[in-house]
Amino acid sequence: MSVDFLLPSDDPRLVRQERVAAFRQGIHAILPALIATGTWGLVTGVAMVKSGLTESMALAMTLLLYAGSAQLTSLPLIAAGAPLWLVFMAGCVVNLRFLIFGAALHPYFRHLSWPRRLGLGYFTTDMGFVLFMPRFGDAAERGTREQLWFFLGTIVPGWLVWQSSSIIGIYLGGMVPSDWSLDFAAVLALLAITVPLANSKPMLISMLAAGLVAWVGQLLPLRLGLAAAVITGIVAGIVAERYFHKGRA
């Protein structure tokens, strides 16, 4: 079939333009978060080396695992000589939120082959999910080209920045004094992008609920408080969104 008989949406030139436009929109949305991503990656890279991992082990960990919270959770256990099953379990518990992310994103990407969905799962981040759902959560049509390429625009730059900064942290870790409070710098960077997200009542309620549960759950083992906070925040946000939406109807 010649191009003349294709629908306008199937024109290769228009398809390429739509992909590029959506990808650029995703990049534009994630840009403010990249400073925090780079800071957190740098801190994680330094922490891996400071915990006793060799540079090659730390490099393999950041490239294969690509999960800052799970990496930082596992490091004290590795340094203490904890059994492998405990290290693995701790990482899984901290990352339980990605089961929720995956379930929410499934309607948008279920048309893709499983290797591509697996690839998207590897690159998916918290910020990618947070930026994607408010934009397309109420979309009448799911699985569109725009949705896929916008999502790619949010997660690909995050991966590049994280890996670059983490690798820098790995190779400069030995030069960083132990008394430097890099953790505090990372927290400040994360706050800089988290606070502006509280731009609606449902989002504010979600953050407050998650923060309260995280504070109460600090003493729980294996950082279960973090997983509980994520679940609570998501549920609170959904309930609040429905409540305020019903009030406007």
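Residues numbered from 1 in each chain as written. Predicted model: local features only at pLDDT ≥ 70, side-chain atom pairs only at ≥ 80, totals over all residues. Heavy atoms only, no water.

Participant: An account of the overall build of the chain is needed here, citing residue identities and associated values.
Facilitator: Looking only at helices and strands, one finds 12 helices and zero strands in the chain. Starting at the N terminus, the α and β elements of the chain follow one another as α-α-α-α-α-α-α-α-α-α-α-α. Within the chain, the proportion of its 249 residues that are buried is 36%. Long-range contacts, defined as pairs at least 24 residues apart, comprise 75% of the intrachain contacts of the chain with a sequence gap of at least 6. Within the structure as shown, the chain displays about 14700 Å² of accessible surface, and the carbon and sulfur contribution to it stands at 70%. (Helix = DSSP H or I, 4+ residues; strand = E, 2+ residues; numbered from the N terminus. Buried < 20%, exposed > 50% of the residue type's maximum accessible area, 1.4 Å probe, protein only. Contact = heavy atoms within 4.5 Å. Areas by Shrake-Rupley, 256 points an atom, 1.4 Å probe, with all protein chains shown as cover.)

Participant: Residues and numbers for the side chain of S165, please.
Facilitator: In this fold, S165 is placed in helix α9 (residues 145-172). Among the residues examined, S165 registers a relative accessible area of 10% and is labelled buried. Polar side-chain contacts of S165 include one of 3.1 Å to the backbone oxygen of W162. In this view, S165 contacts T37, G38, G41 and L42; residues no more than four positions away in its chain are not counted. (Polar contact = N/O pair within 3.5 Å; in protein donor to acceptor, adjacent residues only side chain to side chain.)

Participant: Give a description of the pattern of salt bridges that names residues and reports values.
Facilitator: A complete count under the given rule lists three salt bridges for this structure. Ionic pairing is found between R145 and E18, a salt bridge with its closest N-O pair at 2.9 Å. Placement of the pair is R145 in helix α9 and E18 in helix α1 (residues 12-30), with a sequence separation of 127 residues. Between D126 and R97 there is a salt bridge; the shortest N-O distance is 2.6 Å. Taken together, the residues span a long stretch of sequence, with D126 in helix α8 (residues 126-136) and R97 in helix α6 (residues 97-109) at a distance of 29 residues. Overall, D126 belongs to the partly exposed group, its relative accessible area being 29%. (Salt bridge = Lys/Arg side-chain N within 4 Å of Asp/Glu carboxyl O.)

Participant: Residues and numbers for the side chain of Q147, please.
Facilitator: Looking at where Q147 falls in the secondary structure, it is placed in helix α9. The class of Q147 is buried, set by a relative accessible area of 2%. At 2.7 Å, the side chain of Q147 and the backbone nitrogen of G143 are in polar contact. The residues contacting Q147, other than those within four sequence positions of it, are Y108, F109, F132, F136, A139, E141 and R142.

Participant: Provide a residue-level description of helix α2 (residues 34-50), including the pertinent values.
Facilitator: For α2, built from 17 residues, the straight-helix expectation of 24 Å at 1.5 Å per residue is met to within 8% by its first-to-last C-alpha distance of 24 Å. Of all 17 residues making up α2, 12 are buried, and the element is well covered by its neighbours. For α2, the full list of buried residues reads L34, A36, T37, G38, G41, V43, T44, G45, V46, A47, M48 and V49. (Expected span 1.5 Å × (residues − 1).)

Participant: Summarise the packing of aromatic side chains; cite the residues concerned and give the values.
Facilitator: Considering all chains together, one arrives at 14 aromatic pairs under this definition. Taken together, a centroid distance of 5.2 Å and an interplanar angle of 80 degrees make the contact between F98 and F101 edge-to-face. Placement of both F98 and F101 in helix α6 is noted, with a separation of three residues, approximately one turn of the helix. Ring plane angle 35 degrees and centroid distance 5.2 Å describe the contact between F109 and F151, whose orientation is recorded as tilted. On the criterion of sequence distance, the pair formed by F109 in helix α6 and F151 in helix α9 is long-range, its members being 42 residues apart. Like F151, F109 is buried. Of the aromatic side chains, those joined through ring pairs into one cluster are Y108, F109, F132, F136, F150 and F151. (Phe/Tyr/Trp six-rings, centres within 6.5 Å; stacked < 30°, edge-to-face > 60°.)

Participant: Which residues make up a nonpolar patch on the surface, and what values go with them?
Facilitator: Together, L42, I168, L172 and M175 make up an exposed nonpolar region whose accessible area comes to about 380 Å². Note that I168 resides in helix α9. The exposure class assigned to I168 is partly exposed, which follows from its relative accessible area of 45%. (Patch = residues over 30% accessible without salt bridge, like charges linked within 9 Å, V, L, I, M, F, W, Y side chains within 5 Å.)

Participant: Residue-level account of the packing of helix α7 (residues 114-123) against α9, with values.
Facilitator: Packing of α7 against α9 brings their axes to within 9 Å, and their N-to-C directions diverge by 50 degrees. When the axes of α7 and α9 are compared, the pair comes out oblique. When you trace α7 past α9, the crossing you get is left-handed. Two secondary-structure elements touch here, α7 through L120, Y122 and F123 and α9 through L148, F151, L152, I155, W159 and Q163. Classifying every residue of the contact of α7 with α9 by side-chain character gives eight nonpolar, one polar and no charged. (Axes fitted to C-alpha atoms, helices over the stretch in contact; angles between N-to-C directions. Parallel < 35°, antiparallel > 145°, perpendicular 65-115°, else oblique. Left-handed = near helix turned anticlockwise from the far one by under 90°. Nonpolar A, V, L, I, M, F, W, Y, C, P; charged D, E, K, R; others polar.)

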